[in-house]
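An overview of the molecular structure
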Amino acid sequence: MLTKLQNKILEMIATGVPLGETVDLLCRTVEEIVPGIVCSVLALDPQNRLRHLAGPSLSAHYAAAIDGVQIGPGVGSCGTAAFTGKPVTVTDIASHPYWADFKQLALPLGLAACWSTPIIGSGKVLGTFAFYFHTPRGPSEVEEKIVEACVHLCAIAIERDQRVAERRRLAETDALTQLPNRGRFNDVVASQDQSDCPWGVLLADVDNLKLVNDTFGHRAGDDLIRNVAARIASVGEAGMSFRLGGDEFAIIVAGDASKDLSAVAARVLEAIRLPCTCSDHVIYPSVTLGGAVAMAGNSAEQVRQNADYALYHAKERARGNYIEYVPGLGTAIVKRFRAIQDVTEALREERIEAYYQPIVDLATGRIASLEALCRMKTRNGEMLAAAHFHEATKDANIAFELTRRMLGKVAADTRRWMDAGIDFGRVSVNLSAADFYRTGLADRVASYFAEVGVPLKKVTVEVTESVYLDQRDQIVAEQIQDLRTAGMSVALDDFGTGFASLTHLLTVPVDVIKIDKCFVQRMVNDRAGAVIIKGLIDIAKGLGIGVVAEGVETAEQAESLYRLGCIYGQGYLYSRAVDRSAISTLIREHRIIGTPLGITETPISAAG
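As a starting point, this report considers the structure included with it. (Residues numbered from 1 in each chain as written. Predicted model: local features only at pLDDT ≥ 70, side-chain atom pairs only at ≥ 80, totals over all residues. Heavy atoms only, no water.)

**Details of the packing of helix 1 (residues 2–14) against helix 6 (residues 141–171)**
Our working definition: Note on method: axes are straight lines fitted to C-alpha atoms, helices fitted across the in-contact stretch only, with angles between N-to-C directions ranging 0 to 180 degrees. Runs of E in the DSSP output that reach at least two residues are strands. Runs of H or I that reach at least four are helices, and both are numbered from the N terminus. Roughly parallel refers to an angle under 35 degrees, roughly antiparallel to one over 145, roughly perpendicular to one between 65 and 115, and oblique to any angle outside these ranges. In what follows, a contact means two residues having at least one pair of non-hydrogen atoms within 4.5 Å. In this classification, the charged set is Asp, Glu, Lys and Arg, the nonpolar set is Ala, Val, Leu, Ile, Met, Phe, Trp, Tyr, Cys and Pro, and all remaining amino acids, among them Gly, are polar.
One way to put it is that helix 1 packs onto helix 6 with a least axis distance of 10 Å and a crossing angle of 5°. Relative to helix 6, the element helix 1 is oriented roughly parallel. Facing Leu2, Gln6, Ile9, Leu10, Ile13 and Ala14 of helix 1, the residues of helix 6 in contact are Ile146, Ala149, Leu153, Ile156, Ala157 and Arg160. In terms of residue class, the contact of helix 1 with helix 6 is made up of ten nonpolar, one polar and one charged.

**Some details on the pattern of salt bridges**
Between side chains of opposite charge, a pair can form as their charged atoms come close. The cut-off we apply is this: A side-chain nitrogen of Lys or Arg and a carboxyl oxygen of Asp or Glu constitute a salt bridge if their distance falls within 4 Å. Under the scheme applied here, a residue whose accessible area is under 20% of the maximum for its type counts as buried, over 50% as exposed, and between as partly exposed, the area being computed with a 1.4 Å probe on protein chains only.
Following the criterion strictly, the structure yields 28 salt bridges and no others. Residue arginine 51 pairs with aspartate 67 through a salt bridge whose shortest N-O separation is 3.1 Å. Taken as a pair, arginine 51 in strand 2 (residues 50–54) and aspartate 67 in the loop between helix 3 (60–66) and helix 4 (76–84) lie far apart in primary sequence, 16 residues in all. Since its relative accessible area comes to 30%, arginine 51 is described here as partly exposed. Here lysine 534 makes a salt bridge to aspartate 538, at a shortest N to O gap of 2.6 Å. Of this pair, lysine 534 and aspartate 538 both sit in helix 20 (residues 527–543), four residues apart, roughly one helical turn. On the accessibility criterion, lysine 534 (23% relative accessible area) is partly exposed. Each of the salt bridges in this network shares a partner with another, and the network as a whole consists of Asp45, Arg49, Arg51 and Asp67.

**Section: the side chain of serine 116**
Of note, serine 116 is situated in strand 4 (residues 113–121). Leave out the neighbours within four places in its chain, and serine 116 touches Ser77, Cys78, Ala81, Pro87, Val88, Thr128, Phe129 and Ala130.

**Remarks on the sheet that holds strand 7 (residues 241–245)**
For the record, the criterion: Following DSSP output, two strands are said to pair if at least two bridges run between them.
With respect to topology, five strands assemble into an open sheet ordered 7-8-6-11-12, the strand pairing being mixed. The outermost strands of the open sheet, each flanked by one partner alone, are strand 7 and strand 12 (322–324). Averaged over neighbouring strand pairs, the angle between their axes works out to 20° when direction is ignored. Where strand 6 (residues 199–206) and strand 11 (residues 287–293) come together, seven bridges link them in antiparallel fashion. Its bridge partner being in strand 11, leucine 203 is matched across the sheet by glycine 290.

Following this line, the structure appears as structure tokens:
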């Protein structure tokens, strides 16, 4: 019978049956084998407290009363056995001093004696295995053999359970901060979703972590993450603060506190802002917070998504502060998320294409140069202009990657044209703000063309006026100068929409300005539009800057622009942006496109 029990228990241990279920079966079977005894198994927790594991014949009241008792000399039979690591036999609970504080629990249940044996594994006490007797006595020889086998089985079961628990803990713990990780966060969120308790979630991003890493090194960055983690954990409830990865953290707020997430967020911000030492450098940490409360009908996924929307909005509008989700906040963000997802997939599936729109001599209609424009092919073959995925380009990583792809494609196309003897003049490529705020822009752009042997005098880079005017720390100015020094020309796109840029032309020179189409569209019927264009052309001429008019759609506009002194234009009058094959045909076979103006007199003002 004992051998059969041993085999059964070992099988349960090997197949991963829960510890409580395994030792409960052990106790029940032993009570059947040895009539008149009550069996109990207690585990020892890391704080040296006894924890009830199994005792099928003990009352729930008794089990609860001894659960959590601190071990020590004279603390009942089990507390003493666990403390000393040696068996303890109390033949009379009523009179023994070890039971002075506990006999009132045992005697009313008819428990007259208790023999407790420590469960030892890997050289340490794991718990206790006890027999209670209904009469004052000690164990028999047979009972000693049974308990010896049971203690061994319990040691195996408890050790395996502890190993499993430790593996689970490591799997659910962030190694750097020792906070629960994203996997554990997902589990806790799911459990909150199943409860009736109100709850909410705060999401946090550490501000300027990359700057700290780049300036002081990754050791300082790791120290910053650890400091932020400790401070977040000090505000959140135990086990409810998480590191989701990188610079992302979360706090789950349950109960009444969730009704005022802003108060919890304020405490987090206050705790975070205190200075800390990171790899011998004093740093003032900062985090940006977004939060959402679970509303009626919200799934856990919706709550998390809403908190994401709030955090995203906070990073855009209120860095270093907190924004809480309100209905409607996610609409614009969802649009951007979807755009980012679409572009990310297109990049991964090589569906980003370079199209080309000609820039022509207004008087003759001859192609003078080309502008490369980004297009995204959908999975069903439709070609989308950049306006359709503009929201995605507000993401710095997406914008940077689009530029990288475009540079590669344009460089390859220009090499093909040169090999075929096709004179395309210059080709221009658009740059984003994201490109300017990464170091070495000129070298990056130049490398694509150098790799295929295209001279930089054939390349123009276009910068929008919004980027050009944003001269934080002179980064843009320095990058523009580097581009020109490398041999590329620089064109200022959408010119005129921010009139303050006129003064910037003195300190940050460019080679070409492109007059925004809004002025071109108004110039024929609106004298003010023509006056502004004339002024821009004259200023550009005085500074030695070339001029291109954008958005030319009618012959009347083209003629008016030429008479005002504009030499070059681009727009639908001449051609929409077309693929490499189509533009190659235009250049090779139809150098004159649109309708030549047939004007022979010198324009009022000309700019190179």
